[in-house]
Amino acid sequence: MGKRILISLGGNALGTDFNGLIETVGIVAKPIADLIEKGYEIVICHGNGPQVGMLKTSIDYGNRESRQKIMPLSECVAMSQSYIGYHLQNAIQNQLRKNGIDKPVVTVITRALVDKNDPRFQNPTKPVGAFFTRAEADELEKTGKVMIEDSGRGYREVVPSPMPKAILEKDSINALIASGSVVIAGGGGGIPIYEEDKWYRAVDAVIDKDWVSVMIAADASCDSLVILTGVEKVAVHFNQPDEKWLDQLTVSQAEKFANEGEFPEGSMLPKIKAAIEFTTSAPGRKTLITSLYKLEEGLEGKTGTWLIND
């Protein structure tokens, strides 16, 4: 198989607190360093759902106490890219040095271009940040925020989830890869940006990390996409008596299973859709879906589910 791969790390797998994040990046750094030692070129994209939620909630509560304006979500996405990227950089570089490898590891603060007319902006569904009272929510709605009641716990801001159109740092990412760097990019799906009158402007939204992983992997001419998740393999009839774990899926099989409702909307379905998108983006490309702890074994064909073209 080709030697340039993009590894897509789920935000939930990284842990929500400091100690959890440190432990997880330490776990993933070793197989990544070992793969680099074997000659692989590695690009990394990561989620940030729990981490950006923690940041936004903490800052919201702090700003409410000090009567400051609510922090834009785009700022929190940028912060999460920086601090998660820093810990990944540090862990991977430490492991590389332990293996006797001198190679730069770089985090790119990444912006994802969206269409301001994307219809998803008219249907914000992703709750973020702190809980507010009805009176506080009324005041925030006057500033343009969309607030909803959340399970009897108070009111929260909800934001849309538009589709990414382009990665603004594409050329820089590719230049760093070409220079021999291990590149971490597209954290949390990127900072959502739209263009108006030839000016880039941030917008409060959440972009699916799996779609950005596909875009970066395709832009960087990666041979394979690796989506690390909470299970070792993809299953059909999940949690049923006839449950079946799959070693390999063709694109047509994956589309058939998806249409039959085999993959849950909030968990495996987005990963399957992203895998199909990348695998069909160029001849010879394929996608591995496996767990955080089975990266090397998956690439060696010992476990995981490979999605391939028909």
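Residues numbered from 1 in each chain as written. Predicted model: local features only at pLDDT ≥ 70, side-chain atom pairs only at ≥ 80, totals over all residues. Heavy atoms only, no water.

**Re the overall build of the chain**
Broken down by element type, the chain carries nine helices and 17 strands. On C-alpha atoms alone, the chain measures out to a radius of gyration of 20 Å, which is about the 19 Å that the 2.2 N^0.38 rule sets for 310 residues. With respect to the three principal axes, the spread of C-alpha positions in the chain is 55 × 50 × 40 Å. Taking all 310 residues of the chain together, 51% fall into the buried category. Restricting the contact set of the chain to residue pairs at least 6 apart, pairs at least 24 apart contribute 74%. When the accessible surface of the chain is totalled, it reaches about 14600 Å², and 49% of it is carbon and sulfur. (Helix = DSSP H or I, 4+ residues; strand = E, 2+ residues; numbered from the N terminus. Rg over C-alpha atoms; globule rule 2.2 N^0.38 Å. Buried < 20%, exposed > 50% of the residue type's maximum accessible area, 1.4 Å probe, protein only. Contact = heavy atoms within 4.5 Å. Areas by Shrake-Rupley, 256 points an atom, 1.4 Å probe, with all protein chains shown as cover.)

**Section: the pairing of strand β1 (residues 4-9)**
Counted residue by residue, β1 has six buried out of six residues, so it is predominantly covered. Here β1 shows two buried faces, one formed by Arg4, Leu6 and Ser8 and the other by Ile5, Ile7 and Leu9. In this structure, β1 lies alongside strand β2 (residues 41-46), joined through six bridges in parallel fashion. Bridge pairing in β2 places leucine 6 opposite valine 43. Pairing analysis gives five bridges linking β1 to strand β12 (residues 224-229), with the strands arranged parallel. Counterpart to leucine 9 in the pairing with β12 is leucine 228. (Pairing = 2+ DSSP bridges.)

**Here's the deal with the side chain of threonine 279**
Along the chain, threonine 279 falls in helix α8 (residues 268-279). Taking relative accessible area as the criterion, threonine 279 reaches 0% and is therefore assigned buried.

**Side note on the environment of serine 151**
Among the secondary structure elements, serine 151 is positioned in the loop between β6 (147-149) and β7 (155-159). Overall, the relative accessible area of 61% leaves serine 151 in the exposed class. Spatially, the C-alpha atom of serine 151 lies 24 Å from that of isoleucine 207, the residues being 56 residues apart in sequence.

**Regarding the packing of helix α6 (residues 209-219) against α8**
α8 packs onto α6 with a crossing angle of 15 degrees between their chain directions and a minimal axis gap of 9 Å. With respect to α8, the element α6 is oriented roughly parallel. At the point where α6 passes α8, the crossing takes the right-handed sense. Contact residues: Asp210, Trp211, Val214, Ala217 and Ala218 in α6; Pro270, Lys271, Lys273, Ala274, Glu277 and Phe278 in α8. (Axes fitted to C-alpha atoms, helices over the stretch in contact; angles between N-to-C directions. Parallel < 35°, antiparallel > 145°, perpendicular 65-115°, else oblique. Left-handed = near helix turned anticlockwise from the far one by under 90°.)

**Digging into the confidence of the model for the chain**
Per-chain confidence: the chain averages 90 in pLDDT, with 96% of residues scoring 70 or above. When the elements of the chain are averaged for pLDDT, helix α2 (residues 49-66) gives the smallest value, 74, and strand β4 (residues 111-114) the largest, 98. (pLDDT = per-residue confidence, 0-100.)

**Thoughts on the sheet that holds strand β3 (residues 105-108)**
Pairing is mixed across the open sheet formed by eight strands, whose spatial order is β3-β9-β2-β1-β12-β16-β17-β15. One side of each edge strand has no neighbouring strand; the edge strands of this open sheet are β3 and β15 (248-250). On average, adjacent strands in this sheet sit at an angle of 20 degrees to one another, irrespective of strand direction. Taken strand by strand, helix α3 (residues 73-98) contacts β1, β2, β3 and β9 (182-185), and its axis lies near 170 degrees from that of β3. Where helix α5 (residues 170-178) meets the sheet, its contacts fall on β1, β2, β3 and β9, and the angle it forms with β9 comes to roughly 160 degrees.

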